[in-house]
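# Per-entry structural report
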Amino acid sequence: MATPATMAGTLTVAGRTVPRMGFGAMQLRAARPEAALAVLRRSLELGVRVIDTAWYYGDDVVNRYIAEALQPYPADLVLATKAGARVTHKGHSPKPDYSPEQLRAGIDRDRSVLGLESIPLTHLRWSGGDVVDGVSFDDAFGTMLAMREEGRIGHVGLSNVTLDQLRRAHARGPVASVSNVFSYGSQGDTPTLEFCTEHRIPYLPFGPLGYGATDTPPARPGQTVAQAQLAWLLARSPVTVVIAGTSNVEHLEENIEAGAFTAQDSR
Ligand SMILES: NC(=O)c1ccc[n+]([C@@H]2O[C@H](COP(=O)([O-])OP(=O)(O)OC[C@H]3O[C@@H](n4cnc5c(N)ncnc54)[C@H](OP(=O)(O)O)[C@@H]3O)[C@@H](O)[C@H]2O)c1
């Protein structure tokens, strides 16, 4: 029998108590539709309640899969989207854009495709220095807080930010979560993770399987390399929420099973 996501323990994310084992949907952009829908449905069956997505994962493709596979959404599901990009030419990668118009347009696009009045959690996905095309990080965060006031989103998260940016945002308004790159083989973001741990801010490491890095934690008997990496992340801090991405059900089940090893792991 497959391991439920709750084995990883729970945490409050965007006001909901959810398993610390979530799912990252980015890989579904290139999956066959049947495979994508099957992975999403299985994730919910196994108790996953945090699903990371973005409208620019295949130009709404992944969000459409989520809407088709998971509606009516469970009340405790945290769909976590991203804002801060615009399409320049069809078929090309989106470019960072933090103007109020584009942040609002991206969030409204999520609301429309996902069929939600209010997105539970949206990460301001930063890319660049403190000012990008004339828009400062602080102003963009202010726009996100306004989107929350307007009810377009329930909670504001930050992604790909520096510790300094996080500190400034945290001093100003609630930061519901942080999603930065972090894995056993890529621990450069440790100071940010420590800040999140201290302030009980959920931390969703992206690239949790290390993007092919050969530097992996030792696997316990019966544990796969992927499970060792994910169990290590769960043990690394009580605020981590794993959002490993996969486009097949077997890998999904294997990854969720990593939660069963958490109690045995340590830093
Ligand atoms: N905030 C941001 O800027 C940002 C950036 C990047 C990603 N993300 C989010 O973070 C999530 C996770 O990151 P990621 O998808 O880039 O990387 P990842 O989860 O570290 O790795 C995904 C890769 O690992 C493979 N994989 C998954 N489970 C496996 C297993 N048990 N055994 C062997 N291979 C396995 C997948 O292939 P298969 O499909 O074949 O399993 C895929 O190629 C994304 O899905 C996305 O939602 C956020």
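Residues numbered from 1 in each chain as written. Predicted model: local features only at pLDDT ≥ 70, side-chain atom pairs only at ≥ 80, totals over all residues.

At 3.6 residues per turn, the α-helix brings residues three or four places apart onto the same side. Within the span of helix α5 (residues 163-172), buried status applies to Gln165, Leu166 and Ala169. Within α5, the buried residues cover an arc of 95° as seen down the axis, which keeps them to one side. Seen from the buried face of α5, the exposed residues on the opposite side, beyond 90 degrees, are Asp164 and Ala171. Close packing links the buried residues of α5 with α4 (137-149), β11 (156-159), β12 (177-179) and α6 (190-199). (Buried ≥ 20, exposed ≤ 12 C-beta atoms within 10 Å, placed from the backbone. Helix = DSSP H or I, 4+ residues; strand = E, 2+ residues; numbered from the N terminus. Arc of directions from axis to C-beta. Contact = placed C-beta atoms within 7 Å.)

This paragraph deals with the environment of Trp232. With respect to the secondary-structure elements, Trp232 resides in helix α7 (residues 225-236). Residue classification places Trp232 among the buried positions, given that 23 C-beta atoms sit within 10 Å. Between the C-alpha atom of Trp232 and that of Pro218, which follows or precedes it by 14 residues, the distance is 9.5 Å.

A cis amide bond links Gln71 with the next residue in sequence, Pro72, at an omega value of 0°. Mapped onto the fold, Pro72 is located in the loop between α2 (61-70) and β5 (78-83). Despite not being glycine, Asp60 shows a phi value in the positive range, around 75°.

The biggest cluster of nonpolar side chains holds 75 residues, and the ones touching the most others in it are Val50 and Val242. Ranked by residues supplied to this core, first place goes to α7 with six residues. Every residue in contact with Val242, bar those within four places of it in the chain, is listed here: Ala8, Arg20, Met21, Gly22, Pro208, Leu230, Leu233 and Leu234. (Core = buried A, V, L, I, M, F, W, Y, C linked by C-beta atoms within 7 Å.)

With that out of the way, let us pick up the site of the ligand. Taken together, the neighbourhood of the ligand is formed by 24 residues, with Gly24, Met26, Leu209, Gly245 and Thr246 sitting nearest. A total of three residues in the shell around the ligand trace back to one element, the largest contributor, which is helix α8 (residues 249-257). Here the shell around the ligand is composed, by residue class, of eight nonpolar, 12 polar and four charged. (Near = placed C-beta within 6 Å. Nonpolar A, V, L, I, M, F, W, Y, C, P; charged D, E, K, R; others polar.)

Attention shifts here to the packing of helix α3 (residues 100-114) against α4. Put simply, α3 and α4 touch, their axes get as near as 10 Å, and they point 40° apart. Taken together, the axes of α3 and α4 are oblique relative to one another. Read as a crossing pair, α3 and α4 show a hand that is right-handed. Residue-level contacts link Pro100, Leu103, Arg104 and Ile107 of α3 to Ala140, Thr143, Met144 and Met147 of α4. Classifying every residue of the contact of α3 with α4 gives six nonpolar, one polar and one charged. (Axes fitted to C-alpha atoms, helices over the stretch in contact; angles between N-to-C directions. Parallel < 35°, antiparallel > 145°, perpendicular 65-115°, else oblique. Left-handed = near helix turned anticlockwise from the far one by under 90°.)

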